[in-house]
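A closer look at the structure
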Amino acid sequence: MSNHKLENGIKKPVRSKSGVTPLTVVLKPRKCNHGTCIYCPGGDFVPQSYTDKSPAVMRALQLKFDVRKQVESRLNALINMGHPTDKIELIIIGGTFLQYDLDYQYDYIKGCFDILNGKESKTLSEAQKINETAEHRIVAMCIENRPDNCSVEEIKRMREFGATRVEIGIQILDDEIYKKTARGHKIKDVIDSSQRLKDAGFKLGYHIMPGLPYSNVEKDIEKFKLVFEDESFRPDQLKIYPCQIVEDSPLAKMYKRINYKTYTDSEIREVLTRMMRIIPDYCRVMRVMREIPKEKMLSHAASTSIRKEVEDELRKEKNNSIKEIRIREIGFNKEDLKLDTKLKTIEYDSSQGKEFFFEIVNSDDVLFGLLRLRFPNETFLEELWDCAIVRELHVYGQALNLHEKGINSQHMGFGKLLMKEAEKIAKDAGYKKLAVISGVGVREYYKKLGYNLEGTYMVKNI
Ligand code: SF4
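The structure displayed is predicted, hence computed values, not measured ones.

Rules and cut-offs
The numbers attached to residues start from 1 for each chain and follow its sequence in the written order. The predicted origin of the model limits local features to residues at a pLDDT of at least 70 and limits the giving and counting of side-chain atom pairs to 80 or more, whereas totals for whole chains, interfaces and linings rest on all residues. Side-chain figures throughout are based on the complete set of non-hydrogen atoms in the structure, without hydrogens or water. For every residue, the predictor assigns a confidence score, pLDDT, that lies between 0 and 100. For this analysis, residues touch if any pair of their heavy atoms sits within 4.5 Å. Any residue with a non-hydrogen atom lying within 4 Å of a molecule or strand is treated as near it. Charged means Asp, Glu, Lys or Arg here, nonpolar means Ala, Val, Leu, Ile, Met, Phe, Trp, Tyr, Cys or Pro, and polar covers whatever is left, Gly included. Whenever a carboxyl oxygen of Asp or Glu lies within 4 Å of a side-chain nitrogen of Lys or Arg, that contact is scored as a salt bridge. In this text, helices come from DSSP runs of H or I with a minimum length of four residues, and strands from runs of E with a minimum of two, each type numbered from the N-terminal end. A 1.4 Å probe rolled over the protein chains alone gives each residue an accessible area, and that area as a share of the maximum for its type sets the label: buried under 20%, exposed over 50%, partly exposed in between. To estimate how far a helix should reach, multiply one less than its number of residues by 1.5 Å. Each cavity reported here is a set of points on a 1 Å grid over the protein atoms alone in which a 1.4 Å probe fits but cannot get out, each pocket an open set with protein on both sides within 12 Å along at least five of seven lines, and each lining residue one with an atom within 4 Å of a point. Grid points are joined across faces, edges and corners, and a volume is the space filled by probe spheres set on the points. For two strands to count as paired, DSSP must find a minimum of two bridges between them. All axes are obtained by fitting lines to C-alpha atoms, using only the stretch in contact for helices, and the reported angles, taken between N-to-C directions, cover 0 to 180 degrees. It is the rotation of the near helix from the far one that decides the hand of a crossing: anticlockwise by less than a right angle makes it left-handed, clockwise makes it right-handed. Here, the term nonpolar core denotes a set of buried Ala, Val, Leu, Ile, Met, Phe, Trp, Tyr and Cys residues that are joined through side-chain atoms within 4.5 Å. The split of the chain into domains comes from an automatic or database domain assignment.

With respect to the confidence of the model for the chain
Per-residue pLDDT for the chain has a mean of 89; in total, 92% of the residues score no lower than 70. This model gives residues 1–18 a pLDDT under 50, and the stretch forms 42 contacts once residues within four places in sequence are excluded. Taken as a whole, residues 398–409 scores under 50 in pLDDT and shows 40 contacts with residues more than four places along the chain or in a different chain.

Laid out in structure tokens, this is it:
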């Protein structure tokens, strides 16, 4: 199928293949407090980690980074492209949001809710209340962040905003390389932030950067193994962005002096293939390769289709042992789909807590839905006392409007089944309550399952 052909009348179907339609907004330019990581473009007129040729940034530039106008224009574009817009994941990109001044942060988030609600509210919480039953609901919210910006106070604020997922740049677990690349944080910050974020119920994504200066293929793989072997890390998601030399970055000025070369396509392919073999069942690779326009690159522009090529090769392998989530999702495996589904549970230690990863799979291991249940290590939020916590409930399939019917796993009752299992396991372990880190726009769903809003979580006595 060509990219432009319609699937169910929807252009670019991959965008909403996992059930929720993403809407990305970009922050106004601002330098990170610690300075500039050497590979970061760090421009003065565009957000620090982007170039003025990235599509999302170009759109935001035209609108002078006004978040209300960005939401309005993206919403209209998604509607025109035929995407469902009743379940939206708001994604905030461009810099370290939590480092902007507080008024900007609160106004930014409220602006997003107001536009999606079609009316202006007096306060953020009023806007969120309206959004619970609005036509365009924010069912998930992602904030890009740094490992050293996840204090208890910052985590509380992210919950106040309605965030459900946090992505942190960890690049490579190596303090020496952190120092040499001016990351401004240490492995210890990755460990602490991972634990706090998981204990607060967030879905946790890591950004990994193979091919940094002072690393090599073997070192990248060795450090990548640690991400899953050591329970201090174990993220739910990954973005894998091989290092590139971008115009105006500090690396652009020093790469000749330090004799640095980026990975070739075949090295990237090798690293990616080896990483895919390491990634466990509970982790999803959200994206591979950053889309940096060729004219902004001083190094050779690696092919953006490498992920697809690697996945195609891996799929061809007999008895392929790839466990990664995306490759197993129903949306990417519709041919000859067997409906002999069963519930599978994987239990693992994670950041001093216990995780249960429930999946609904068929006999070919195709994934229909998943739930992440956590018995936290430390509960620092009052509303989570005595609670086990559901960090994610996701039923896969092409995003459909809430009232639309279709051949799809979203409306087959898998969500309820997974929640029941989570309640049972938590109760058997002695927990009195189960909390869900629900996006504002999913609160109604949990109300129907007997959950009530406590603080920013949906909570039920079990
Ligand atoms: S933390 Fe991110 S945005 Fe800030 S300088 Fe480093 S790469 Fe750029």
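What follows picks up the thread again.
Concerning the site of the ligand
In the vicinity of the ligand, the contacting residues are C32, H34, G35, T36, C37, Y39, C40, Q48, S49, R146 and R183. Split by residue class, the shell around the ligand holds four nonpolar, five polar and two charged.

Regarding the pattern of salt bridges
The full count for this structure, using the stated rule, is 44 salt bridges. Between E218 and R274 there is a salt bridge, and its shortest N-O distance comes to 3.0 Å. With E218 in helix α8 (residues 217–229) and R274 in helix α10 (residues 265–278), this residue pair connects regions lying 56 residues apart in the sequence. Of the residues examined, E218 reaches a relative accessible area of 47% and is grouped as partly exposed.

Considerations on helix α3 (residues 102–117)
The end-to-end C-alpha distance of α3 is 23 Å, a good match for the 22 Å that 16 residues give at a rise of 1.5 Å each. The complete set of buried residues in α3 reads Y104, Q105, Y108, I109, K110, G111, C112, F113, D114, L116 and N117. G118, located one to two residues past α3, shows a positive phi value of around 75°.

So, empty space enclosed by the protein
Within the structure shown, the criterion is met by four cavities of 30 Å³ or more. Put simply, the largest cavity is a space of about 60 Å³. Around the largest cavity, the lining residues are Q171, I172, L173, I208, M209, P210, D220, K223, F224, V227 and M275. No other element matches α8, which puts four residues into the lining of the largest cavity. The class makeup of the residues in the lining of the largest cavity is eight nonpolar, one polar and two charged.

Some details on the sheet that holds strand β9 (residues 353–361)
A sheet is described by the order of its strands in space; here seven strands give the open sequence β8-β9-β10-β11-β12-β14-β13, paired in mixed fashion. Because the sheet does not close on itself, it has two edges, and the strands there are β8 (342–350) and β13 (452–454). With strand direction ignored, the average angle separating the axes of adjacent strands in the sheet is 30°. Sheet contacts for helix α7 (residues 187–199): β8, β9, β10 (367–375) and β11 (387–395); angle to β10, the most-contacted strand, approximately 105°.

Describing the packing of helix α2 (residues 67–80) against α3
Following both chains from N to C, one finds α2 and α3 inclined at 35°, their axes separated by 8 Å at the closest point. You can see that α2 and α3 cross each other, and the crossing is right-handed. Contacts between α2 and α3 involve V67, R68, Q70, V71, E72 and L75 from the first element and D107, Y108, K110, G111, C112, D114, I115 and L116 from the second.

Re the sheet that holds strand β3 (residues 137–145)
Here seven strands make up an open sheet; going across it, the order is β1-β2-β3-β4-β5-β6-β7 and the pairing parallel. For this open sheet the edge positions go to β1 (21–26) and β7 (284–288), each flanked by a neighbour on one side alone. Along the sheet, successive strands turn relative to each other by an average axial angle of 25°, direction set aside. Where β3 meets strand β4 (residues 165–171), four bridges bridge the pair, whose relative direction is parallel. When the sheet's bridge partners are listed, C142 is paired in β4 with R165.

What to know about the nonpolar core
Residues I92, F97, Y206, L238 and L373 are the most contacted members of the largest nonpolar core, which totals 111 residues. Formed jointly, this core draws a minimum of three residues from each of two domains, domain 1 (13–328) and domain 2 (333–461). If we skip the residues at most four places from it in the chain, I92 touches V25, L27, F97, Y108, I109, M141, C142, I143 and E144. Among the nonpolar cores identified, the runner-up in size contains 15 residues, and I38, I172, C243 and Y260 belong to it.

Describing the pairing of β9
Of all nine residues in β9, eight are buried; the element is thus mostly enclosed. Pairing of β9 with β10 involves eight bridges; the strand directions are antiparallel. Along β10, the bridge assignment pairs E355 with R374. Linking β9 back to β10 in an antiparallel pair, the connection comprises five residues, with D365 at a positive phi of about 70°.

A word on the layout of surface pockets
For the second largest pocket, the calculated volume is near 280 Å³. When grouped by side-chain class, the residues that make up the lining of the second largest pocket number four nonpolar, three polar and seven charged. Looking at which domains feed residues into the lining of the second largest pocket, each of domain 1 (13–328) and domain 2 (333–461) supplies at least three.

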